[in-house]
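# Geometric and topological summary
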Amino acid sequence: MRTPTATVAASQNDPEADPKKATGGSGVRTRSQHQRRKRIVQAAAALASRGGVEAMQMRTVAERAGVALGTLYRYFPSKMDLVVAVVGEEIDLLENSIERRPPNADTSAGRAVDVLMRATRGLMREPELADALIRSLIMAEVETPFGDRMTGLLLRVSAGGLTLEQATDEQLALAGSLSSVWVHELLEMLRGRRTYDEIQRRIEIAATRLVGDL
């Protein structure tokens, strides 16, 4: 993820920390809240990319994002909620990439491999962040949409726009299994046990077996 350095401002200038300072119509407040949330997520991602989840201390994130600590907790009640938001932004970037440049492989498996290897390249540009996110998701104590979103993305590219709602239980299981294989292989790469080429070959084998007939 390319995360620009968040602007740091004094927390007393944060209008959401003091409702009396929140002026303007609801539309203005909504845009301001969206921008504030985005700034918080960017700050968290920037810290994680340098020091893992341990570096994502809530007070440090708040200071880097220029919001009051209480404001941060209103958006993200726990560090894990913040991690899930960072993961969500990563998936947004992947989905935008797929929309701009859809996989053009002739087979379902080939299109799935394209998506997963793009995701691998994107995450491995910042391995500290990738490691933090994947490990945190494995130990997640909050509900995360990561699995469903990756499964849904694989179904769409592999089966001609098939959605989670339209898929059969078998199709959901197969696409979900491929997503799980990818997460495991990515972890092995982060641990130094796989090369990029080895991951691609193993993903190709798994995709052929799991989604080749979708």
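Above this text is the structure in question.
Notes on the structure follow.

Reading the values: the criteria
Residues numbered from 1 in each chain as written. Predicted model: local features only at pLDDT ≥ 70, side-chain atom pairs only at ≥ 80, totals over all residues. Heavy atoms only, no water. Core = buried A, V, L, I, M, F, W, Y, C linked by side-chain atoms within 4.5 Å. Buried < 20%, exposed > 50% of the residue type's maximum accessible area, 1.4 Å probe, protein only. Helix = DSSP H or I, 4+ residues; strand = E, 2+ residues; numbered from the N terminus. Contact = heavy atoms within 4.5 Å. Polar contact = N/O pair within 3.5 Å; in protein donor to acceptor, adjacent residues only side chain to side chain. Expected span 1.5 Å × (residues − 1). Salt bridge = Lys/Arg side-chain N within 4 Å of Asp/Glu carboxyl O.

## Side note on the nonpolar core
- Counting residues in each nonpolar core, the largest one holds 59 residues, and the members touching the most others are Ile40, Val61 and Trp182.
- Per-element tally for this core: the top contributor is helix 4 (residues 79–100), with nine residues.
- If sequence neighbours within four positions are ignored, Val61 has contacts with Ile40, Ala43, Ala44, Leu47, Met56, Leu72 and Leu82.

## A look at the side chain of Gln171
- On the secondary structure map, Gln171 appears in helix 8 (residues 169–190).
- Looking at Gln171, its side chain comes within polar contact range of the main-chain nitrogen of Thr168, at 2.9 Å.
- When neighbours within four sequence positions are excluded, Gln171 is seen to be in contact with Leu155, Leu162 and Leu214.

## Some remarks on helix 5 (residues 108–124)
- An ideal rise of 1.5 Å per residue puts 24 Å on 17 residues; helix 5 measures up with 25 Å between its terminal C-alpha atoms.
- Burial runs high along helix 5: 13 of the 17 residues are buried.

## Looking at the pattern of salt bridges
- Counted under the stated rule, the structure contains ten salt bridges.
- Asp114 is the salt-bridge partner of Arg118, the closest N and O atoms lying 2.7 Å from each other. Highlighted residues: Arg118 and Asp114, both in helix 5, separated by four residues, approximately one helical turn.
- Taking relative accessible area as the criterion, Arg118 reaches 7% and is therefore assigned buried.
- The network of salt bridges with shared partners includes Glu185, Glu188, Arg191, Arg193, Arg194 and Arg202.

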